[in-house]
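This is what each chain is made of:
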Amino acid sequence: MNPRRVVIVGFMGCGKTTVAQALAQRLGCAMVDLDSFITDREGRTPAEIIEQDGEAVFREIETAALRDALEDSDARVIALGGGAWTIEANRALVAEHDCLSVWLDAPFELCWDRIISSANTIRPMAPDREIAQNLFQERRDSYELAQLRLVMSKTAAPEETVVELATSLLLL
Ligand code: S3P
């Protein structure tokens, strides 16, 4: 089995957490969801931090959390928050730790449907459709920098993505 750790990136609502959980289950390893990791450490969700202290403060917390997750946790699969991969320092950390970065490239409509239907997850970076769509476009260049791109469709179950991903891992 390929020993490299996997870091899952992509826009809000593309399915990062679901795919990371399914992949970890398939590989029989631990996974870290960076947003949950931050919530546990800080006692506040990423949304609360952004709303109370601003995005810049959140990004600092996020980078520190990513560093600790990479250094201290034995998780082999890490799901990032949607903005984390757009920060150069975070991409450098992932590269330094020799993780395989995987972009879940889901169409905007799929992401947006999930953003508006997941009432439990507040997303201050996507307060309305226009802002979310602009951010989606802006971020694509950064997501392209991931080593592997998996095209997500409305109909594909996470398990299918995981089979594709696990197969790619074996071939790498
Ligand atoms: C963010 C995405 C969120 C969370 C925070 C900021 C972003 O994670 O980290 O609200 O900037 O895209 P998800 O992608 O899991 O929603």
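Residues numbered from 1 in each chain as written. Predicted model: local features only at pLDDT ≥ 70, side-chain atom pairs only at ≥ 80, totals over all residues. Heavy atoms only, no water.

Caption draft 1: Region of the structure containing the site of the ligand. The ligand sits among 13 residues. The nearest are Lys16, Asp35, Arg59, Arg123 and Arg139. Contact distances for the ligand include 2.6 Å between an oxygen atom and a side-chain N or O atom of arginine 59. Between arginine 139 and the ligand, the recorded distance is 2.7 Å, taken from a side-chain N or O atom to an oxygen atom. Placement of the ligand is best described as lying within the largest pocket. Listed by contribution, the elements that provide at least two residues to the shell around the ligand are α3 (46–53) and α4 (55–72). Looking at the shell around the ligand, its residues break down into 5 nonpolar, 3 polar and 5 charged. (Near = heavy atom within 4 Å. Polar contact = N/O pair within 3.5 Å; in protein donor to acceptor, adjacent residues only side chain to side chain. 1 Å grid on protein atoms, 1.4 Å probe; cavity = no way out; pocket = protein on both sides within 12 Å on 5 of 7 lines; lining within 4 Å. Sits in = over half its atoms within 2 Å of the grid points. Helix = DSSP H or I, 4+ residues; strand = E, 2+ residues; numbered from the N terminus. Nonpolar A, V, L, I, M, F, W, Y, C, P; charged D, E, K, R; others polar.)

Caption draft 2: Molecular detail of the packing of α4 against helix α5 (residues 88–96). Two elements in contact, α4 and α5, have axes separated by 10 Å at closest approach and are oriented at 5°. Put simply, α4 runs roughly parallel to α5. In contact with Glu62, Thr63, Leu66, Arg67 and Leu70 of α4, α5 contributes Asn90, Leu93 and Val94. Broken down by class, the residue content of the contact of α4 with α5 amounts to 4 nonpolar, 2 polar and 2 charged. (Axes fitted to C-alpha atoms, helices over the stretch in contact; angles between N-to-C directions. Parallel < 35°, antiparallel > 145°, perpendicular 65-115°, else oblique. Contact = heavy atoms within 4.5 Å.)

Caption draft 3: Up close: the nonpolar core. Phe11, Leu23 and Leu80 are the most contacted members of the largest nonpolar core, which has 59 residues in total. In this view, leucine 80 contacts Val7, Ile8, Val9, Lys16, Leu34, Leu66 and Trp85; residues no more than four positions away in its chain are not counted. (Core = buried A, V, L, I, M, F, W, Y, C linked by side-chain atoms within 4.5 Å. Buried < 20%, exposed > 50% of the residue type's maximum accessible area, 1.4 Å probe, protein only.)

Caption draft 4: Structural context of empty space enclosed by the protein. Applying the stated criterion to the full structure yields 1 cavity of 30 Å³ or more. By volume, the largest cavity is sized at about 40 Å³. Taken together, Phe11, Cys14, Trp103, Leu104, Asp105, Ala106, Cys111, Phe136, Arg140 and Tyr143 form the lining of the largest cavity. Among the secondary structure elements, those contributing two or more residues to the lining of the largest cavity are β4 (100–105) and α7 (129–143). Of the residues in the lining of the largest cavity, the class split is 8 nonpolar, no polar and 2 charged. (Points joined across faces, edges and corners; volume = space filled by probe spheres on them.)

Caption draft 5: Structural view of the side chain of threonine 63. Relative to the elements of secondary structure, threonine 63 occurs in helix α4. Overall, threonine 63 belongs to the buried group, its relative accessible area being 14%. In this structure, threonine 63 is in contact with Asn90 and Leu93, ignoring residues within four places of it in sequence.

Caption draft 6: Layout of the pairing of strand β1 (residues 6–9). Neither face of β1 is open: one carries Val6 and Ile8, the other Val7 and Val9, and all of them are buried. Sheet topology note: the β1/strand β3 (residues 77–79) ladder contains 3 bridges and is parallel. Following the sheet pairing, valine 7 is matched in β3 by isoleucine 78. Sheet analysis places β1 next to β4, joined by 4 bridges and oriented parallel. What sits directly across from isoleucine 8, in β4, is valine 102. (Pairing = 2+ DSSP bridges.)

Caption draft 7: The arrangement of the pattern of salt bridges in detail. Across all of its chains, the model carries 8 salt bridges by this definition. The residue arginine 4 makes a salt bridge to aspartate 98 at a minimum N-O spacing of 3.6 Å. Placement of the pair is arginine 4 in the segment before β1 and aspartate 98 in the loop between α5 and β4, with a sequence separation of 94 residues. When the shortest N-O distance is used, the salt bridge between arginine 44 and aspartate 53 registers 2.9 Å. (Salt bridge = Lys/Arg side-chain N within 4 Å of Asp/Glu carboxyl O.)

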